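What follows is the residue order along each chain.
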Amino acid sequence: MTSHTAPINPFYAARRNRTVPAKHDEPGKPVYARLPLAPVTASPVPHLTSLYHFHRTGEYGDRAYPGNCGGRLIKDLLLYFQPGLVFDPMTGSGTCRDVCEELDIPCISWDIHQGIDACDPNGFGDAETFDFIWAHPPYWRQKLYADDPRDLSRTPTLEEFLRRYRQFLRNCARSLKPGGKLAVLMGDYSDRGAGFVPLVYHTKRLAFEAGLVQHCTDIIRFSHGASSSKKVYRTSFIPGLHDVCMIFERH
Ligand SMILES: C[S@@+](CC[C@H](N)C(=O)[O-])C[C@H]1O[C@@H](n2cnc3c(N)ncnc32)[C@H](O)[C@@H]1O
């Protein structure tokens, strides 16, 4: 008679009986990881690699603004690309604008809070064309922003969010100069109703659809200081500790 019990793999049996040392002895304290060595390049910003881990926020924007991102990554990207004119169509507390001011780079910045809809089907109106666009849109409804139905974070379904997000990326693509760059900071998250929402994937898909190409590696930005990292959850899941900055180019 054949047995239906799977044979015991001696490798796993040995591991099962082993005491695994705790990886993280002090919950709540940061874990220090050794990053891979970056090659020497001619980059004007040698510490700017695919792993971005600056933990101090700097004096840009307003840390208390929901969804505020530190300005250091923006600063490093501007030092790297050295653009003429910058645009931030979803500026929030003005982090990108503040960095541009420090670097003496002209910058136009808007937000739905000033009544300007970056997802308008007519594009950005008479706005100029830009060398560099910094875009940090809502991660759908993870955080809510303006009390305005045109606010991307207020779109009731994922389908509707993606429809308006597609229009936003088209507007950005159209207002870039040839060779201009669009940097989008976006994160995936688990939505209470829709489950896991792979917004990084959708960003790439929609940006390519808008005629843009990816210019360089994704930049994985460690989410130091995220409000969720101090929470305690009763459910089991794999916490996401980063968001992704994607750099697209208009040919
Ligand atoms: C993630 S926050 C940006 C935060 C900003 N990077 C900062 O450091 O403060 C996203 C912003 O997009 C704005 N927004 C949402 N929908 C918009 C729309 N349709 N047009 C323009 N801005 C919009 C929100 O008001 C919010 O300020």
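So, a few notes on the structure that sits alongside this text. In this text the structure is predicted, and so the values were computed from the model without any measurement.

The next point concerns the environment of T155. Along the chain, the position of T155 falls in the loop between strand 4 (130-135) and helix 4 (158-174). Residues in contact with T155, not counting those within four places in the same chain, are W140, E160, F161 and R164. In this structure the side chain of T155 is engaged in a polar contact, spanning 2.8 Å, whose partner is the backbone oxygen of L152.

Here the focus is the pairing of strand 5 (residues 176-186). Where burial is concerned, most of strand 5 is hidden: eight out of the 11 residues are buried. Summarising the sheet, strand 4 and strand 5 pair through five bridges and their orientation is parallel. When the bridges of strand 5 are listed, A135 appears paired with V184. Running through helix 4, the crossover from strand 4 to the neighbouring parallel element strand 5 is right-handed.

Let's shift gears to the site of the ligand. Taken together, the neighbourhood of the ligand is formed by 24 residues, with Y65, S93, T95, D111 and D117 sitting nearest. D111 has a polar side-chain atom sitting 2.7 Å from an oxygen atom of the ligand. Contact between the ligand and H113: an oxygen atom at 3.4 Å from a side-chain N or O atom of the residue. In isolation the ligand exposes 600 Å². Once the protein is present, 99% of that is buried.

This brings us to the pattern of salt bridges. As enumerated under the stated definition, the model contains 13 salt bridges in all. Two residues, E160 and R163, come together in a salt bridge whose shortest N-O distance is 3.0 Å. Of this pair, E160 and R163 both sit in helix 4, three residues apart, which is roughly one turn of the helix. The partly exposed category is assigned to R163, whose relative accessible area is 48%. Residue D243 is joined to R221 by a salt bridge in which the shortest nitrogen-to-oxygen separation is 2.9 Å. Of the two residues, D243 is situated in strand 10 (residues 242-249) and R221 in strand 9 (residues 219-222); the sequence distance between them amounts to 22 residues. Each member of the pair, D243 as well as R221, carries the same accessibility label: buried. Among the charged side chains, a network of salt bridges with common partners joins R166, R205 and E209.

Where helix 2 (residues 72-81) contacts helix 3 (residues 95-103), the axes come no closer than 9 Å and their chain directions differ by 45 degrees. For the element pair helix 2 / helix 3, the angle class is oblique. Crossing geometry of helix 2 relative to helix 3 is assigned as right-handed. The residues of helix 3 that touch helix 2, namely those facing I74, K75, L78 and L79, are T95, C96, V99, C100, E102 and L103. For the contact of helix 2 with helix 3, a count of residues per class yields seven nonpolar, one polar and two charged.

How each quantity is defined
- Each residue is numbered by its place in its chain's sequence as written, counting from 1.
- Selection of residues for local features in this predicted model requires a pLDDT of at least 70, selection of side-chain atom pairs for listing and counting requires 80 or more, and totals for whole chains, interfaces and linings are taken over all residues.
- Think of the side-chain values as coming from all heavy atoms in the structure, minus any hydrogens and water.
- Helix and strand definitions here come from DSSP, where helices need a minimum of 4 consecutive H or I residues and strands a minimum of 2 consecutive E residues; each element is numbered from the N-terminal end.
- Only heavy atoms enter the contact rule, under which two residues are in contact if any of them lie within 4.5 Å.
- Any pair of N or O atoms that falls within 3.5 Å is considered a polar contact. Within protein, one atom must be able to donate a hydrogen and the other to accept it, and sequence-neighbouring residues count only if both atoms are side-chain atoms.
- Exposure classes here rest on a 1.4 Å probe applied to the protein chains alone. A residue is buried below 20% of its type maximum, exposed above 50%, and partly exposed in between.
- Strands qualify as paired when DSSP identifies two bridges or more between them.
- The crossover handedness rule: strands pointing away from the viewer, path from first strand over the helix to second strand clockwise, crossover right-handed.
- If even one non-hydrogen atom of a residue comes within 4 Å of a molecule or strand, that residue is called near it.
- Shrake-Rupley sampling with a 1.4 Å probe provides the accessible areas, and residues are treated as covered by the protein chains on show and by no other component.
- Every case where a carboxyl oxygen of Asp or Glu lies within 4 Å of a side-chain nitrogen of Lys or Arg is listed as a salt bridge.
- Angles shown run from 0 to 180 degrees and are taken between the N-to-C directions of axes, each axis being a line fitted to C-alpha atoms and, for helices, limited to the stretch in contact.
- Reported orientations rely on four angle classes, namely roughly parallel under 35 degrees, roughly antiparallel over 145, roughly perpendicular from 65 to 115, and oblique for the rest.
- Put simply, a crossing is left-handed when the front helix is turned counterclockwise from the back one by less than a right angle, and right-handed when it is turned clockwise.
- Residues were grouped as follows: Ala, Val, Leu, Ile, Met, Phe, Trp, Tyr, Cys and Pro as nonpolar; Asp, Glu, Lys and Arg as charged; and all remaining residues, including Gly, as polar.

Any link to function would need more than the numbers given here.
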